[in-house]
Amino acid sequence: MSQTRQHIPEAPPRDSQQPGVSLRRGLRNRHIQLIALGGAIGTGLFYGASDSIGAAGPAVIISYLVGGIIIYLVMRALGEMSVHNPTSGAFSEYAHDYWGDLAGFVSGWNYWFNYIAVSMAELSVVGIYINYWFPNVPQWVTAAVVLVLVTAVNLLHVRAYGEFEFWFAIIKVVAILAMIAFGLWIMFFGAGGHPATGISNLWTHGGFMPNGLHGVMTGLVVVMFSFGGVELIGITAGEAEDPQRSIPRAINQVVYRILIFYVGAILVIVSLTPWTRIDGKASPFVQIFDQIGVPGAAAILNVVVLTAAASTYNSGLYSNGRMLFSLAHQGNAPRIFGKVSRHGSPWVGIIASSLVTAAAVVLTAVLPSQAFSYVMSIALIAAFINWGMVVITQLLFRRRMDADAVAALRFRMPGAPVTNWLVLAFMAVIVILMILSGNPAYQIAVAIGPVWLIILITGWALSRLSRRRRQASRNRED
C-alpha cells in the first residue's frame with residue numbers, strides 16, 4: 001500500500017469558474033458559524049425533544065452527550081477534507097474524488113434527499129406552533145406560506161442569505177440562553193406565585209433512568225436527528241471568504257455550543273416538570289412555561305420555536321441548492337442545476353428543491369399528527385448514510401496520502417482511523433434499535449434506506465448508460 005500513497009497538495013478554494021455559473025464567496029466566519037448552529041438548533045430540539053424525553057426520561061441528557069461526541073467526530077472527518085480542499089460540493093465532491101464516481105453520485109443525491117426530508121419535517125410542525133394562537137388555521141396553510149417566503153429569501157445574494165440566517169440563529173441562541181437562565185431562576189427561586197421547583201424531578205418519577213439503558217439508546221434516535229445540520233459547515237466552504245481559518249473555528253466552536261444549548265435546555269425542561277407530563281402536543285418548551293403559568297413566557301417561546309423551524313428550513317434549502325449545483329458540475333445531475341442567477345445564487349436547484357419539499361404541505365394536510373415522526377425517521381436514515389459516507393471517504397482520503405502529507409494536514413480528525421470505525425459501529429447500533437423499537441415510523445424508515453440506496457445506484461447506472469450513448473452518437477457524427 002505504501003507504494004500507492006502519494007502527497008496530495010492542499011487545494012485552493014474550488015468552485016466552478018466558468019462565466020455565469022460560479023458561486024460567490026460572500027460568507028464570513030460569523031455567517032458560517034451561525035448557519036451551522038442555526039441548522040442544528042431547530043425542530044429536533046424544540047419539538048422532537050418530547051419523543052426523546054419520553055423514551056429516556058431525565059437520562060436523555062446522557063443521550064445528548066453521547067450523540068454530541070459522535071457528531072463531533074463526523075464533523076472533524078469532514079473538516080479535515082474541507083480545510084484541505086474547500087468546495088461547495090463538500091462530501092459529494094470528496095466521495096467523487098477519493099472513492100469514485102458512484103460514491104459521489106450517491107453521496108450528493110442522498111444528502112439532497114436528506115435535507116428534503118429535514119425541510120419537510122420543519123414544515124410539518126410550523127402549523128402546530130401557529131395553532132397555539134390560531135387553532136382554526138389548517139396546518140398545511142402555514143406550511144405553504146413559510147415555504148414561499150423562505151424560497152424567496154434563498155433566491156437572493158448569498159450575503160443576504162447569510163445575514164438573514166445569522167439573525168434568525170441569533171434569535172434562537174439568545175432565546176435558549178434566556179430560557180435556561182429563566183428556568184434556573186424558577187428552579188431555585190420560583191416565579192409567578194409558584195415556589196421553587198428544585199431539581200427533584202430528575203429522579204422522583206421512576207428514577208433518573210426510568211427506562212434503563214435501552215431508553216437512553218432509544219432516545220438517541222431523535223437526538224441524532226436533532227444534531228443533523230452541523231454538516232452545513234462543509235457546504236459553506238465553497239462560499240467562505242477564508243475557509244482555512246473559518247472552517248476549523250466553526251467546527252470546534254459550534255459543537256461545544258450545541259452541547260451547551262442542548263444539554264442545558266433539556267436539563268431545565270426535565271427539572272422544571274415531571275418528564276411524564278411532556279406529551280408532544282406542543283413544543284415542550286412552550287408546554288412547560290404554560291404549565292408553570294409564567295405570564296407571556298410561553299407565547300414568546302412559541303415565536304422562537306416558529307422562527308427556529310423557518311430557520312432550519314432556510315438552511316436546508318440553501319444546502320440543497322448548492323448540492324444540486326455541485327452534482328450538475330460533476331455530471332451527476334442535469335446541467336440546468338448548474339446555473340446561477342446574476343447574484344450568484346443557484347436558482348434552478350433552489351426552486352426545484354422547494355417544489356419537491358412542497359410534498360410536506362400535502363403530507364401535513366393528510367397526516368397532521370403523524371407527519372413529523374415519519375419524515376424525521378426517514379431524514380435520520382438518510383443522515384446516517386451521509387455521515388457514514390463522510391467517515392469512510394475520510395479513511396480513503398488518508399489512504400491516498402503518505403505520512404508527510406498526513407502530518408502536514410492543518411485540521412486532522414483525532415484518533416483516525418479508530419474513531420472512524422467507532423462512528424460506524426455506533427450508527428449500526430442505532431439502526432438496530434430503530435428496527436427493534438416497535439415504532440412503525442422508525443421501522444418504515446429503516447426499510448426505506450436500502451430501497452433508496454438501490455434507487456440511487458440504479459439512477460447512477462442509467463445516467464452512465466445515457467452518457468455513453470450520447471458519446472457514441474457524437475463519435476458517429478464525427
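Residues numbered from 1 in each chain as written. Predicted model: local features only at pLDDT ≥ 70, side-chain atom pairs only at ≥ 80, totals over all residues. Heavy atoms only, no water.

A. Up close: the overall build of the chain. Tallying secondary structure elements over the chain gives 19 helices and zero strands in all. Looking at the chain as a whole, 58% of its 478 residues qualify as buried. Of the contacts made within the chain by residues no fewer than 6 positions apart, 82% connect residues no fewer than 24 positions apart. For the chain, the exposed surface amounts to about 18400 Å²; the carbon and sulfur share of it is 67%. (Helix = DSSP H or I, 4+ residues; strand = E, 2+ residues; numbered from the N terminus. Buried < 20%, exposed > 50% of the residue type's maximum accessible area, 1.4 Å probe, protein only. Contact = heavy atoms within 4.5 Å. Areas by Shrake-Rupley, 256 points an atom, 1.4 Å probe, with all protein chains shown as cover.)

B. Representation of the side chain of Arg 76 within the structure. Within the secondary structure, Arg 76 sits in helix H4 (residues 60-84). Excluding anything up to four places from it in sequence, Arg 76 contacts Ile 251, Asn 252, Phe 411, Arg 412, Met 413 and Pro 414.

C. Geometry of a positive patch on the surface. Taken together, the side chains of Arg 335, Arg 467, Arg 470 and Arg 474 make up a positively charged region of the molecular surface. As for its placement among the helices and strands, Arg 474 is situated in helix H19 (residues 440-477). (Patch = residues over 30% accessible without salt bridge, like charges linked within 9 Å, V, L, I, M, F, W, Y side chains within 5 Å. Salt bridge = Lys/Arg side-chain N within 4 Å of Asp/Glu carboxyl O. Lys, Arg positive; Asp, Glu negative; His and termini not counted. Charge placed at Lys NZ, Arg CZ, Asp CG, Glu CD.)

D. Seen up close, the environment of Arg 464. Within the element layout of this structure, Arg 464 appears in helix H19. The spatial distance from the C-alpha of Arg 464 to the C-alpha of Leu 102 is 9.8 Å, given a sequence separation of 362 residues. Setting aside residues up to four positions removed in sequence, Arg 464 forms contacts with Asp 101, Gly 331 and Asn 332. Here the side chain of Arg 464 touches Asp 101 through a polar contact of 2.4 Å, side chain to side chain. (Polar contact = N/O pair within 3.5 Å; in protein donor to acceptor, adjacent residues only side chain to side chain.)

E. Fine view of the side chain of Ser 107. In this structure, Ser 107 sits in helix H6 (residues 101-130). Since its relative accessible area comes to 2%, Ser 107 is described here as buried. Not counting chain neighbours up to four residues away, the residues in contact with Ser 107 comprise Phe 91, Ser 92, Ala 95 and Met 389.

F. Representation of the packing of helix H3 (residues 49-56) against H4 within the structure. Where H3 contacts H4, the axes come no closer than 8 Å and their chain directions differ by 115°. Across the interface between the two elements, Ala 49, Ser 52, Ile 53 and Ala 56 of H3 pack against Val 60, Ser 63 and Tyr 64 of H4. Class assignment for the residues of the contact of H3 with H4 results in five nonpolar, two polar and no charged. (Axes fitted to C-alpha atoms, helices over the stretch in contact; angles between N-to-C directions. Nonpolar A, V, L, I, M, F, W, Y, C, P; charged D, E, K, R; others polar.)

G. Structural view of the packing of H6 against helix H14 (residues 347-357). At a minimum axis distance of 9 Å, the contact between H6 and H14 shows a crossing angle of 55°. In this view, H6 runs oblique relative to H14, as classed from their interaxial angle. Considering how the two elements wind past one another, H6 and H14 form a crossing that is right-handed. Side by side, H6 and H14 meet where Trp 112, Ile 116, Ser 119, Met 120 and Leu 123 of the first sit next to Ser 353, Val 356 and Thr 357 of the second. (Parallel < 35°, antiparallel > 145°, perpendicular 65-115°, else oblique. Left-handed = near helix turned anticlockwise from the far one by under 90°.)

H. Molecular detail of the packing of aromatic side chains. For the structure shown, the criterion picks out eleven aromatic pairs. One residue, Arg 76, lies across the ring of Phe 411, its end atom 4.1 Å from the ring centre. (Phe/Tyr/Trp six-rings, centres within 6.5 Å; stacked < 30°, edge-to-face > 60°. Lys NZ or Arg CZ within 6 Å of the ring centre and 35° of its normal.)

I. Up close: a nonpolar patch on the surface. On the surface, a cluster of nonpolar side chains totalling about 950 Å² of accessible area is made up of Leu 184, Trp 185, Phe 188, Phe 189, Ile 199, Trp 203, Phe 208, Met 209 and Leu 213. With four residues, helix H8 (residues 158-189) is the largest single contributor of residues to the nonpolar patch. As for its position among the elements, Phe 188 is in helix H8.

J. Highlighting the confidence of the model for the chain. The pLDDT averaged across the chain works out to 80; a share of 83% of its residues lies at or above 70. Averaged pLDDT values for the elements of the chain fall to 64 in helix H1 (residues 29-40) and rise to 91 in helix H18 (residues 418-436). Throughout residues 1-7 the model reports pLDDT below 50, and contacts reaching past four residues in sequence, or to other chains, amount to ten contacts. Across residues 11-20, confidence stays below pLDDT 50; counting only partners more than four residues off in sequence or on other chains, it has 26 contacts. (pLDDT = per-residue confidence, 0-100.)

K. Here's a closer look at the environment of Leu 65. Structurally, the position occupied by Leu 65 is in helix H4. Taking C-alpha positions, Leu 65 is 9.5 Å from Val 223, a pair spaced 158 residues apart along the chain. The residues touching Leu 65, leaving out its near neighbours within four places in the chain, are Leu 259 and Val 263.

L. How the structure looks around the nonpolar core. If you look at the biggest cluster of nonpolar residues, it comprises 132 residues, and the most contacted ones within it are Ile 53, Tyr 64, Met 224, Ile 266 and Met 434. No other element matches H6, which puts 19 residues into this core. (Core = buried A, V, L, I, M, F, W, Y, C linked by side-chain atoms within 4.5 Å.)

M. Quick look at helix H9 (residues 212-227). Over its 16 residues, H9 runs 23 Å from end to end, which matches the ideal 22 Å to within 8%, given 1.5 Å per residue. In terms of burial, H9 is a largely internal element, twelve of the 16 residues being buried. Looking only at H9, the buried set comprises Gly 215, Val 216, Thr 218, Gly 219, Leu 220, Val 221, Val 222, Val 223, Met 224, Phe 225, Ser 226 and Phe 227. (Expected span 1.5 Å × (residues − 1).)

N. Quick peek at the pattern of salt bridges. Applying the stated criterion across every chain yields a total of two salt bridges. Where Arg 398 meets Glu 80, a salt bridge forms, and the shortest distance between an N and an O atom there is 2.8 Å. With Arg 398 in helix H16 (residues 371-399) and Glu 80 in helix H4, the pair connects residues that are 318 residues apart, well separated along the chain. Classification of Arg 398 as buried rests on a relative accessible area of 18%. Judged by relative accessible area, which is 1%, Glu 80 ranks as buried. Of the charged contacts in the structure, one is a salt bridge between Asp 101 and Arg 464, with a shortest N-O distance of 2.4 Å. With Asp 101 in helix H6 and Arg 464 in helix H19, this pair connects stretches of sequence that are 363 residues apart. On the basis of relative accessibility, which here comes to 8%, the residue Arg 464 falls in the buried class.

O. Looking closely at the environment of His 205. Within the secondary structure, His 205 sits in the loop between H8 and H9. We classify His 205 as partly exposed; its relative accessible area is 30%.

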